Amino acid sequence: MKPDIIFTGKGHAATQATLEAEFTVHKLFEAADKAAFLKERSQKVRGIASFGHLPVDGKLMDQLPKVEVICNFGVGVDQINLDDAKARKIIVTNTPDVLNECVADTALALVMNTLRKLPQCEAYLRAGKWASGGPYPLATSLGGKTLGILGLGRIGEAIAKRAMACGMKIRYHNRNKKDVPYPYDPDVVTLAKNSNVLMVVTPGGAETRGLVGAKVLDALGPKGYVCNIARGSVIDEPVLLRYLQENRIAGAGLDVFVDEPRVPPEFFTLENCVLFPHVGSATVETRKAMGDLQIANLRAHFSGKPVLTRVV
Ligand code: 8YV
C-alpha cells in the first residue's frame, strides 16, 4: 500500500512526478474547499511534502492527525511551525547543503549587479541610450570593499569564498562566534557600520523578522549597500523602500520579498536596486538535487529508516 501524502504547493515537476509514482498524493493547493479536502483525508494522510509558502502550522497538523513527517523542498523551513511539529512528535526535514554553491553564486551575482549596476547598464543600451546619452555613469568596485555577512552558515561561507576572489574583505555576525578567519561583530548594527555591503543570509521566521530596519540601514549609511538572499521578512521592506527612494543607502540587491511573488511596484522604478524573482537555487541541477533529497527523506521514513536531514 502506498502511503498517502499531501502536496502543499505546485513545485518541482520531476520531483512531484516521482512522488506521485511512489505515494498516493493529495494536492492541497488545488482544493477549492481546503477544510473539506483535509477532513475527507484526515485519517489516511501520513506525510506532507511541502513546496512553497503555504503555512504548515498547528492548525493544519491538527486537521491531519495521522501525519508523521513533513519533508520540505528547500533549506528554509520558516513556513513550517517547528514548535507545533515538535509538540505533535512530527519529524521535519529540509534540503540543506545541496544548494549552497548555487545560492552563493546568486548572492555574488547580486553583489556584483548591485554595485556595478550591470542590469541597469544593459537596460540603458537596449533602450538605445548609449549612442545618444553617452557612456553609462560610473559604478562602484567590489575590490577592497567589506562584505558583512549576517548569518555565516554553510551558504554564508560559500559566499565569503566567492567575494574574497573578487578582492572583498569579510566580516560577520551570528548569534555565536565561530571558529573562522573572519572578524566577528557582536550585533547587526555594528556589522553594518563596519561593512560596505551587508549580505543577509540568516534564516527567516519570527526570530529574525524585521531584524534589518532603520537602525541597521542608518549604520550602513548613504554609501552602503544591502543584499538579501535569505527571506524578505528579515528586512523591514517599507523602511528599505523609503531609504532607497530617499538615497539614504546607496543601493539594494534583493532576491527575496515579504509577499512573494508580489513585489511592491515602487521598487520597479528605482535605479538603485537590483531585483531577482527568488532564483537563489533555481538551476536544473540544484533543484533536482533538492528534490532527490526530499524524496530520499520520504522514502527513508516510510521504509522505517531514519530520515537523512532532520530539522526537528
Ligand atoms: C527555493 C529556498 O526557492 O531553499 C530555500 O529555502 O528559498 C529556495 O531554495 C524554494 O525552496 C523553492 O520553493
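What this report covers is the structure whose coordinates are included nearby.

Criteria and thresholds
Each chain carries its own residue numbering, running from 1 in the written order of its sequence. Given that the model is predicted, a residue must reach a pLDDT of at least 70 before its local features are reported, and side-chain atom pairs must reach 80 or more before they are shown or counted; all residues, however, enter totals for whole chains, interfaces and linings. Hydrogens and water are ignored here; the side-chain numbers use all heavy atoms of the structure. By convention in this text, a residue qualifies as near a molecule or strand provided that one of its non-hydrogen atoms is within 4 Å of it. Within 3.5 Å is the distance limit for a polar contact, defined as a pair of N or O atoms, with the added protein rule that one can donate a hydrogen and the other accept it, and that residues adjacent in sequence qualify only through two side-chain atoms. For accessible areas, the Shrake-Rupley method is used with a probe of radius 1.4 Å. Any residue's cover is judged against the shown protein chains and nothing else. Residues are sorted three ways: Asp, Glu, Lys and Arg are charged, Ala, Val, Leu, Ile, Met, Phe, Trp, Tyr, Cys and Pro are nonpolar, and all the rest, Gly among them, are polar. Pairing of aromatic side chains here covers Phe, Tyr and the six-membered ring of Trp, requires ring centres within 6.5 Å, and sorts the geometry by plane angle: under 30 degrees stacked, over 60 edge-to-face, intermediate tilted. Each helix is a run of DSSP H or I of at least 4 residues and each strand a run of E of at least 2, with the numbering of both proceeding from the N terminus. Accessibility here uses a 1.4 Å probe with only protein chains present; expressed as a share of the type maximum, an area under 20% marks a residue as buried, one over 50% as exposed, and anything in between as partly exposed. The rule is short: NZ of Lys or CZ of Arg within 6 Å of the ring centre and within 35 degrees of the ring normal puts a charge over the ring.

The environment of the ligand is formed by Phe 73, Gly 74, Val 75, Gly 76, Leu 99, Arg 231, His 278, Ser 281, Arg 287 and Met 290. Val 75 is positioned such that a nitrogen or oxygen atom in its backbone is 2.8 Å from an oxygen atom of the ligand. In the environment of the ligand, an oxygen atom lies 2.9 Å from a nitrogen or oxygen atom belonging to the side chain of His 278. Considered on its own, the ligand offers 330 Å² of accessible surface; in the complex 82% of this is hidden by protein. Grouping the constituent residues of the shell around the ligand by class yields 4 nonpolar, 4 polar and 2 charged.

Under the defined criterion, the tally for this structure stands at 6 aromatic pairs. Taking 6.3 Å as the distance between ring centres and 70° as the angle between the ring planes, the aromatic pair formed by Phe 257 and Phe 267 counts as edge-to-face. Placement of the pair is Phe 257 in the loop between strand S10 (251-254) and strand S11 (273-275) and Phe 267 in the loop between S10 and S11, with a sequence separation of 10 residues. Assessed through its relative accessible area of 1%, Phe 267 is described here as buried. An aromatic cluster of at least three residues, connected via ring pairs, comprises Phe 7, Phe 51 and Phe 73. Positioned above the aromatic ring of Phe 37 is the side chain of Arg 41, whose terminal nitrogen or guanidinium carbon lies 3.8 Å from the ring centre.

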